[in-house]
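Each chain is listed here by its residues.
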Amino acid sequence: GAGVSQTPSNKVTEKGKYVELRCDPISGHTALYWYRQSLGQGPEFLIYFQGTGAADDSGLPNDRFFAVRPEGSVSTLKIQRTERGDSAVYLCASSFRQGDGYTFGSGTRLTVV
Amino acid sequence: DAKTTQPPSMDCAEGRAANLPCNHSTISGNEYVYWYRQIHSQGPQYIIHGLKNNETNEMASLIITEDRKSSTLILPHATLRDTAVYYCIVRGSSNFGNEKLTFGTGTRLTIIP
């Protein structure tokens, strides 16, 4: 597709459940990023992939959060034992080369009830 | 990454030039200035970036002072669709492997009809 696609656009889950959020980057973009954004705040970095490998996962808040990109294109952000504080918009972005501007998706709004 | 300081909000009349300032007094020689904007309920959108020279593209112009401690994003003829939160970000050179963007809270720009 022409842009970064994120699915689902909205997800409501119960506290303690497991969720997966999917990101389809722009075809050919080797760099992929995950951010999350709470209401009234700027996006907060979670993890960065270059190809299949996580080059920087320093933003993942704890070990309940994990992300994969097994074939160097689609990525999945996985959250175990969700907590109400995980509620946020999760944004994915991709870029063709290191240093290029990112293209962001529209995000997945996660609500943990 | 160097910290940036932006005014929390600004207004601009439709059709006028919108000038958004950003201070980055601790910027180092290999750090670029990036600008993104975020329209309500969408992911951030890349606008422009620069190192030391002024830059212009179809969206905006970026003016960086000679000492590089501040910059101004200029939207030459603001329209109502330019109402958004604008983020100024300082980012290390990709050669140093510092890929992540650190967003602050940005400037909420409102274009007045």
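See above for the structure.
Residues numbered from 1 in each chain as written. Chains lettered and ligands numbered in written order. Predicted model: local features only at pLDDT ≥ 70, side-chain atom pairs only at ≥ 80, totals over all residues. Heavy atoms only, no water.

Caption draft 1: Quick peek at the state of the cysteines. According to the stated counting rule, one finds two disulfides over all chains in the structure shown. For Cys23 of chain A, the disulfide goes to Cys92 of chain A, at an S-S distance of 1.9 Å. Handedness of the Cys23 of chain A-Cys92 of chain A disulfide follows from its S-S torsion of about -70 degrees: it is left-handed. Of this pair, Cys23 of chain A sits in strand S3 (residues 19-24) while Cys92 of chain A sits in strand S9 (residues 88-95), and the two are 69 residues apart along the sequence. As far as burial versus exposure is concerned, Cys23 of chain A and Cys92 of chain A are alike and both buried. Sulfur-sulfur distance for the disulfide between Cys22 of chain B and Cys88 of chain B comes to 2.1 Å. Judged by the sign of its S-S torsion, about -80 degrees, the cystine formed by Cys22 of chain B and Cys88 of chain B is left-handed. (Disulfide = S-S within 2.5 Å. Helix = DSSP H or I, 4+ residues; strand = E, 2+ residues; numbered from the N terminus. Buried < 20%, exposed > 50% of the residue type's maximum accessible area, 1.4 Å probe, protein only.)

Caption draft 2: Seen up close, the interface of chain B and chain A. At the junction of the two partners, chain B supplies 17 residues and chain A supplies 19 residues. Surface buried jointly by chain B and chain A totals about 1,400 Å² across both partners, of which 52% is contributed by carbon and sulfur atoms. Of all elements in the fold, only strand S3 (31-38), strand S4 (45-50) and strand S8 (84-92) of chain B reach the threshold of two or more residues within the side of chain B that touches chain A. Of the residues forming the side of chain B that touches chain A, the biggest block, three residues, is contributed by S3 of chain B. Split by residue class, the side of chain B that touches chain A holds seven nonpolar, seven polar and three charged. (Contact = heavy atoms within 4.5 Å. Buried area = accessible area lost by both parts, 1.4 Å probe. Nonpolar A, V, L, I, M, F, W, Y, C, P; charged D, E, K, R; others polar.)

Caption draft 3: Inspection of the packing of aromatic side chains at higher detail. Within the structure shown, the criterion is met by 15 aromatic pairs over all chains. Residues Phe104 of chain A and Tyr36 of chain B carry aromatic rings whose centres are separated by 6.1 Å and whose planes lie at 90 degrees to one another, so their mutual orientation is edge-to-face. Of the two residues, Phe104 of chain A is situated in strand S10 (residues 103-104) and Tyr36 of chain B in strand S3; the pairing between them involves two chains. Exposure class is identical for Phe104 of chain A and Tyr36 of chain B. Each is buried. The structure contains a cluster of three or more aromatic residues connected by ring pairs, namely Tyr33, Tyr35, Phe45, Tyr48, Tyr102 and Phe104 of chain A together with Tyr32, Tyr34, Tyr36, Tyr46, Tyr87 and Phe103 of chain B. The ring of Tyr34 of chain B has Arg91 of chain B lying over it, and the distance from NZ or CZ to the ring centre is 5.1 Å. (Phe/Tyr/Trp six-rings, centres within 6.5 Å; stacked < 30°, edge-to-face > 60°. Lys NZ or Arg CZ within 6 Å of the ring centre and 35° of its normal.)

Caption draft 4: Structural view of the environment of Arg81 of chain B. Of note, Arg81 of chain B is situated in the loop between strand S7 (70-75) and S8. Given the relative accessible area of 69%, Arg81 of chain B is considered exposed.

Caption draft 5: Up close: the environment of Asn53 of chain B. All names here are of chain B. When you line up the elements, Asn53 lands in the loop between S4 and strand S5 (55-56). Overall, the relative accessible area of 52% leaves Asn53 in the exposed class. Between the C-alpha atom of Asn53 and that of Arg68, which follows or precedes it by 15 residues, the distance is 9.5 Å.

Caption draft 6: Representation of the sheet that holds strand S1 (residues 5-7) of chain A within the structure. Residue and element names in this part refer to chain A. Pairing is antiparallel in the open sheet, where four strands are placed in the order S1-S3-S8-S7. Bordering the open sheet on either side are S1 and strand S7 (65-68), each of which pairs with just one other strand. Shown here is a sheet whose adjacent strand axes are inclined to one another by a mean of 15 degrees, direction ignored. As defined by bridge partners, S1 adjoins S3 across three bridges and the pair is classed as antiparallel. Looking at the pairing, Thr7 lines up with Arg22 of S3. (Pairing = 2+ DSSP bridges. Axes fitted to C-alpha atoms, helices over the stretch in contact; angles between N-to-C directions.)

In short, geometric facts, not functional conclusions.
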